[in-house]
Amino acid sequence: MTEADNDTNFEGTGSRSADDDRRTNYGGIIGRVASVLWNRNENRPRALWRILGVYVAALVGIFVLPALALAGTELPPSVNGAATNLIGALVGLLLAVVFAKYVDRRPLTDYGLAFGPSFLKDFAAGSVVALVGMGVALPASLLAGWATISELFSGGVGANVLPFVAAFGAYTLQWAFVAFWEELVYRGLILTNAVEGLRSRWLSDRGAAVAGGVASSLIFSLGHFPGTLEKFGFRVMLGLLLGAAYVWTDSLALPIGVHFLINFGINNIYGLANFGEAAEVLPMLVRPTFTGPAQFVGVYGAVNGAAVLCVAALTVGYVALRNGDLESRLS
């Protein structure tokens, strides 16, 4: 964004009249309370309430609804995951359509969903970047003597587990659906509104983009039930990378591609999540056995964290080649 953006229509930036609205005298306590909740100049809720609304609606529609819809079914784990996240993707898209029209009052494309050849190019680039970057983790553990290769093209074990090819295909769909709805919710809807809400006479466009990226990454990590500090930190780092990719391109294509292949690479391509009974059902192109210290070779350990930093470096390189700089492109 540039300083000139402050003069554009609110459907593009959504915040140009925020200061004027705050200075308006609505008369009395009721008016002042209403002004905290509602921006009369933009005729929509303020950014904080839009973000909270998205978050609550996503929790109900994407986490609760699929669980109720598939309750009592005995699908294979891979098919259950794909079906759950297909519902999540459809609910996320419906949420974005309804939210854009009736709450946010903006074009759907403002959430980074402008499909076309450039979208496919950025998605493919993000996928390759993540595949290459995460590819350094397993060789590093092998060279350090912290892992050995147990099996190739492993279909997983357990009740109701599909053969390798079918299960691998189902997990491909699952991670694609996950990447789509999580990027649409956490980056497209939440980060966009966070940046708009933070833009003010005290915070520059660049400062708002940085603060919005941090806020959305924290919400992203909290939405994954953070657990341990290392899990929380790992997801915050991942959220910052995905948020930056969105801000730099004004499109969800690059973060969706990066997100898709990081999940797919960790779980099914490189076998970096091969820990405990839960991982036994996962089909893995390479199934390693890890013997090194958990703080290094665990799913959220230092080795995988370093691999995500490699993905980040490659993403920066791609954006620099694509744009010629690392300035915000948010409309």
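The structure under discussion appears in the preceding block.
For clarity, every value in this text was computed on a predicted model and none was experimentally measured.

Rules used throughout
- Residues numbered from 1 in each chain as written.
- Predicted model: local features only at pLDDT ≥ 70, side-chain atom pairs only at ≥ 80, totals over all residues.
- Heavy atoms only, no water.
- Helix = DSSP H or I, 4+ residues; strand = E, 2+ residues; numbered from the N terminus.
- Expected span 1.5 Å × (residues − 1).
- Buried < 20%, exposed > 50% of the residue type's maximum accessible area, 1.4 Å probe, protein only.
- Contact = heavy atoms within 4.5 Å.
- Pairing = 2+ DSSP bridges.
- Axes fitted to C-alpha atoms, helices over the stretch in contact; angles between N-to-C directions.
- Parallel < 35°, antiparallel > 145°, perpendicular 65-115°, else oblique.
- Left-handed = near helix turned anticlockwise from the far one by under 90°.
- Nonpolar A, V, L, I, M, F, W, Y, C, P; charged D, E, K, R; others polar.
- Polar contact = N/O pair within 3.5 Å; in protein donor to acceptor, adjacent residues only side chain to side chain.

> For this particular structure, what's the right way to read helix α9 (residues 205–222)?
Given 3.6 residues per turn, any residue in an α-helix points the same way as the ones three and four places further on. Taking 1.5 Å of rise per residue, the 18 residues of α9 would be expected to cover 26 Å, and the 26 Å separating its terminal C-alpha atoms lies within 8% of that figure. Here α9 has its buried residues at Asp-205, Ala-208, Ala-209, Gly-212, Gly-213, Ser-216, Ser-217, Phe-220 and Ser-221. Turning to α9, the residues buried within the fold contact α8 (164–198), α10 (229–249) and α11 (253–269).

> So what exactly am I meant to see when it comes to the pairing of strand β4 (residues 284–290) here?
Successive residues of a regular strand alternate their side chains across the two faces of the sheet. When you tally the buried positions in β4, you get five out of seven residues, the bulk of the element. In terms of strand pairing, strand β3 (residues 147–154) meets β4 through six bridges, oriented antiparallel. When the bridges of β4 are listed, Glu-151 appears paired with Arg-287.

> I'm lost on the packing of α9 against α10 in this one. Help?
The description of two packed helices rests on the angle between their axes and on the distance between the axes. Between α9 and α10, the least distance of the axes is 8 Å, while the angle of their chain directions is 135 degrees. The pairing of α9 with α10 is recorded here as oblique in orientation. At the point where α9 passes α10, the crossing takes the right-handed sense. Contacts between α9 and α10 involve Ala-209, Gly-213, Val-214, Ser-217, Leu-218, Phe-220, Ser-221 and Leu-222 from the first element and Phe-232, Arg-235, Val-236, Leu-238, Gly-239, Leu-240 and Val-247 from the second. Of the residues contributing to the contact of α9 with α10, the split by class is ten nonpolar, four polar and one charged.

> Is there a simple way to think about the side chain of Arg-44 in this case?
Of note, Arg-44 is situated in strand β2 (residues 44–45). From its side chain, Arg-44 meets the backbone oxygen of Asp-104 in a polar contact 2.8 Å long.

> Could you clarify how one ought to interpret α11 in this entry?
Where burial is concerned, most of α11 is hidden: 17 out of the 17 residues are buried. Backbone geometry just downstream of α11 places Gly-271 in the positive-phi region, at approximately 65 degrees.

> It is not clear to me how the packing of α8 against α10 should be interpreted in this structure. Could you clarify?
With their axes 11 Å apart at the nearest point, α8 and α10 run at an angle of 65 degrees to one another. Read as a crossing pair, α8 and α10 show a hand that is right-handed. On the side of α8, the interface is formed by Glu-183, Arg-187, Gly-188, Leu-191 and Thr-192, while α10 contributes Gly-239, Leu-242, Gly-243, Tyr-246 and Val-247. For the contact of α8 with α10, the class distribution of residues is four nonpolar, four polar and two charged.

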